[in-house]
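These are the residues of each chain, in order.
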Amino acid sequence: MSKRTHLSLFLPDEEATDALGGLLADHLVPGDTVLLTGSIGAGKSHLSRSIIRSRLNRMEDVPSPTFTLVQTYEHPGGDIWHADLYRLSHPDEVLELGLEEAFSTAICLVEWPERLGRHLPRDAIQVALSPEAEGRRAEIAFVGRPELAEALDERP
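Cut-offs and rules
Sequence order sets the numbering: in each chain, residues are counted from 1 along the sequence as written. At least 70 in pLDDT is required for a residue's local features to be given in this predicted model, at least 80 for side-chain atom pairs to be given and counted, and no such filter applies to totals for whole chains, interfaces and linings, which use all residues. Each side-chain value is derived from all of the structure's non-hydrogen atoms; neither hydrogens nor water enter the calculation. Note on definitions: angles span 0 to 180 degrees between N-to-C directions of axes, and those axes are lines fitted to C-alpha atoms, for helices only across the stretch in contact. What counts as a helix is a DSSP run of H or I of at least four residues, what counts as a strand is a run of E of at least two, and both are numbered from the N terminus. In these notes the angle categories are as follows: under 35 degrees is roughly parallel, over 145 is roughly antiparallel, 65 to 115 is roughly perpendicular, and the rest is oblique. Here is the rule for handedness: rotate from the far helix to the near one, and if that takes an anticlockwise turn smaller than a right angle the crossing is left-handed, while a clockwise turn gives right-handed. Here a residue-residue contact requires only that any non-hydrogen atoms of the pair lie within 4.5 Å. Ten residues, namely Ala, Val, Leu, Ile, Met, Phe, Trp, Tyr, Cys and Pro, are considered nonpolar, four, namely Asp, Glu, Lys and Arg, are considered charged, and the remaining ones, Gly among them, are considered polar. Think of it in three bands: residues with accessible area under 20% of the maximum for their type are buried, residues over 50% are exposed, and the middle band is partly exposed, with areas taken using a 1.4 Å probe on protein chains only. For salt bridges, the criterion is a side-chain nitrogen of Lys or Arg within 4 Å of an Asp or Glu carboxyl oxygen.

### Concerning the packing of helix α1 (residues 14–27) against helix α2 (residues 44–56)
Part 1: Where α1 contacts α2, the two axes come as close as 8 Å, and the packing angle between them is 50°. It follows that α1 is oblique to α2 by the angle criterion. As for how α1 packs across α2, the hand of that crossing is right-handed. On the side of α1, the interface is formed by Glu14, Thr17, Asp18, Leu20, Gly21, Gly22, Leu24, Ala25 and Asp26, while α2 contributes His46, Leu47, Ser50, Ile51, Ser54 and Arg55.
Part 2: For the contact of α1 with α2, a count of residues per class yields five nonpolar, six polar and four charged.

This is the structure in structure tokens:
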């Protein structure tokens, strides 16, 4: 039996997006990178906030890292890096941010990952968000973590 590597979920409202963030947070481990794609307003930052708050188990102020490029959050089970690369002008700027090292030591949430160029992690979890009806669709690919697809598929 082959392991599942893709999931398509309809998220009808913000609560469903928060629930997905909580489920992801429960299963992410240091070394996991989540690449979030979608148009402006598709829900990348919303899902990132949900993952961070759930992982930290508290209502944390989670500003968009649009201008700072990276926000970090300390956690005993592994730090969380939230990056918004929209303003990067060249992929090598990732090295200056320290993201390459963080990909192996932290949980990384990366918005606008196409800006990573050749620094794109191979086994990253990919989440593509797009508007659908009154909510959004999440297309999730688990290249390096097929067991995560199974865990999310068994959600209540």
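### So, the environment of Gly31
Part 1: Looking at the secondary structure, you find Gly31 in the loop between α1 and β2 (33–37).
Part 2: Taking the relative accessible area as the measure of exposure, Gly31 reaches 34% and is therefore partly exposed.
Part 3: Put simply, Gly31 and Cys108 are 77 residues apart on the chain and 7.7 Å apart in space, counted from C-alpha to C-alpha.
Part 4: If we skip the residues at most four places from it in the chain, Gly31 touches Phe103, Ser104, Thr105, Ala106 and Ile107.

### Topic: the pattern of salt bridges
Part 1: Here the structure, examined in full by the defined rule, presents two salt bridges.
Part 2: A salt bridge links Arg118 to Asp92, with the nearest nitrogen and oxygen atoms 2.9 Å apart. A residue pair is termed long-range when its members are at least 10 positions apart, and Arg118 in the loop between β5 (107–111) and β6 (125–132) and Asp92 in the loop between β4 (80–84) and α3 (93–97) qualify at 26 residues.
Part 3: Given a relative accessible area of 65%, Arg118 falls into the exposed group.
Part 4: Classification of Asp92 as partly exposed rests on a relative accessible area of 27%.
Part 5: Note that Glu132 and Arg137 form a salt bridge whose closest N and O atoms lie 2.9 Å from each other.
Part 6: Its relative accessible area of 19% is what places Arg137 among the buried residues.

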